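Topology and contacts: notes
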Amino acid sequence: MADLFSPLQLGSIQTANRIFMAPLTRCRAEDEHVPTPLMAEYYAQRASAGLIIAEATMILPGNSAFWHEPGIYSAAQIDGWRLVTDAVHSAGGKIALQLWHGGRACHPDLNDGVVPVAPSALAIKGEEVHTPNGKQKYTEPRALKDDEIPAIVQGFAQAALNARSAGFDMVEVHAANGYLLDEFLRDGSNVRSGIYGGS
């Protein structure tokens, strides 16, 4: 039990203890996916954790899957997150940002009519998403072309740089739960051939 409250070295960062807060998407950002003062207060209240992993955060515009989740691709979003990281650091905490692309879990009602993208044109079946227009069935995504994928990879890289500019101590890449990166790893959502398909 004593180890739980002892410091831990994570690369160049030392946490005060080994109690980590998992990412929990709160959907408290503004319409343009800008973090709010309420978010800064929320995370500062939890700064006694050794490390906070902040919520799923959009790396690129047009990929909202929750409505009012934050982004990290605009200057206003970077500034909003800076309020959060400053508040957490002032309270003695460390904070990471979870970088995320919703893939086929995105919905046109959340993205100004933009059709979501995915490894293959396969919709999520039997589930609904909350939108400004009420619950909606997931729509069929557009299969990404091979030459579009490097821009998404670059989006993750730029998001990591933006997170650094916003004062985060580290980043976590979200590659689970049926979102874009996970979709590429699953034969139920990736039936493409070529370099981004197959086993």
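Residues numbered from 1 in each chain as written. Predicted model: local features only at pLDDT ≥ 70, side-chain atom pairs only at ≥ 80, totals over all residues. Heavy atoms only, no water.

Considerations on unusual backbone geometry
Put simply, the rule is: When accessible area is computed with a 1.4 Å probe and restricted to protein chains, residues below 20% of their type maximum are described as buried, those above 50% as exposed, and intermediate ones as partly exposed. Secondary structure elements are defined from DSSP: runs of H or I of at least 4 residues count as helices, runs of E of at least 2 residues count as strands, and each element is numbered from the N terminus.
Unusually for a residue other than glycine, Cys27 sits at a positive phi of about 55 degrees. A relative accessible area of 28% means that Cys27 is categorised as partly exposed. The phi dihedral of Asn177 falls on the positive side, at around 60 degrees, and the residue is not glycine. Summarising the element assignment, Asn177 is placed in the loop between strand S10 (170-173) and helix H4 (180-185). Judged by its relative accessible area of 61%, Asn177 falls in the exposed class.

Overview of the layout of surface pockets
Which entries qualify depends on this criterion: Cavities and pockets were defined on a 1 Å grid built over protein atoms only: a cavity is a set of grid points that admits a 1.4 Å probe from which the probe cannot escape, a pocket is an open set flanked by protein on both sides within 12 Å along at least five of seven lines, and lining residues are those with an atom within 4 Å of any such point. Grid points are joined across faces, edges and corners, and a volume is the space filled by probe spheres set on the points. Throughout, the ten residues Ala, Val, Leu, Ile, Met, Phe, Trp, Tyr, Cys and Pro are labelled nonpolar, Asp, Glu, Lys and Arg are labelled charged, and all others, Gly among them, are labelled polar.
Its boundaries defined by the atoms lining it, the largest pocket holds a volume of some 310 Å³. In terms of lining, the largest pocket is formed by 16 residues, of which the most central are Asp31, His33, Leu110, Asn111 and Asp112. Split by residue class, the lining of the largest pocket holds seven nonpolar, five polar and four charged.

Quick look at the environment of Ser6
Rules: Whenever two N or O atoms come within 3.5 Å, that pair is a polar contact, provided that in protein one can donate a hydrogen and the other can accept it, and provided that, for residues adjacent in sequence, both atoms are side-chain atoms.
With respect to the helices and strands, the residue Ser6 is situated in the segment before strand S1 (8-10). Placed 10 residues apart in sequence, Ser6 and Ala16 show a C-alpha to C-alpha distance of 6.7 Å. Within polar-contact distance, the side chain of Ser6 engages the backbone oxygen of Asp3 at 2.7 Å. Within the structure, Ser6 has its side chain in polar contact with the side chain of Arg18 (distance 3.2 Å).

Section: the state of the cysteines
The following threshold applies: For the purposes of this analysis, a disulfide is any pair of cysteine sulfur atoms at a distance within 2.5 Å.
Evaluation of the coordinates by the stated rule reveals zero disulfides. Not part of a disulfide, Cys27 finds its nearest cysteine sulfur in Cys106, a span of 12 Å.

Things to note about the pattern of salt bridges
A side chain of one charge can pair with a side chain of the opposite charge when the charged atoms of the two come close. What counts here: Throughout this description, the term salt bridge denotes a Lys or Arg side-chain nitrogen within 4 Å of a carboxyl oxygen of Asp or Glu.
Scanning all chains against the criterion turns up four salt bridges. A salt bridge links Asp146 to Arg192, with the nearest nitrogen and oxygen atoms 2.7 Å apart. Placement of Asp146 in the loop between strand S9 (142-143) and helix H3 (149-165) and of Arg192 in the segment after H4 is noted, with a sequence separation of 46 residues between them. On the basis of relative accessible area, Arg192 is assigned to the buried category, the value being 13%. Salt-bridge contacts for Arg186 lead to Asp182; the nearest nitrogen and oxygen are separated by 2.8 Å.

Remarks on the packing of aromatic side chains
Two descriptors summarise a pair of aromatic rings, namely the distance from one centre to the other and the angle between the planes of the rings. What counts, and what does not: Here is the rule: rings of Phe, Tyr and Trp (six-membered ring for Trp) pair when centre to centre is within 6.5 Å. Planes less than 30 degrees apart are stacked, more than 60 are edge-to-face, and the remainder are tilted.
Following the criterion strictly, the structure yields seven aromatic pairs and no others. Here Trp81 and Phe168 contribute two aromatic rings whose centre-to-centre distance is 5.2 Å and whose plane-to-plane angle is 65 degrees, an arrangement assigned as edge-to-face. Pair noted here: Trp81 is in helix H2 (residues 75-90) and Phe168 is in the loop between H3 and S10, with a separation of 87 residues, a long-range link. You'll find Trp81 and Phe168 in the same group, each marked buried. Ring centres 5.4 Å apart and planes at 85 degrees place the aromatic pair Trp100 and Tyr179 in the edge-to-face group. Here Trp100, found in strand S5 (residues 95-100), pairs with Tyr179, found in the loop between S10 and H4; they are 79 residues apart in sequence, far enough to count as distant.

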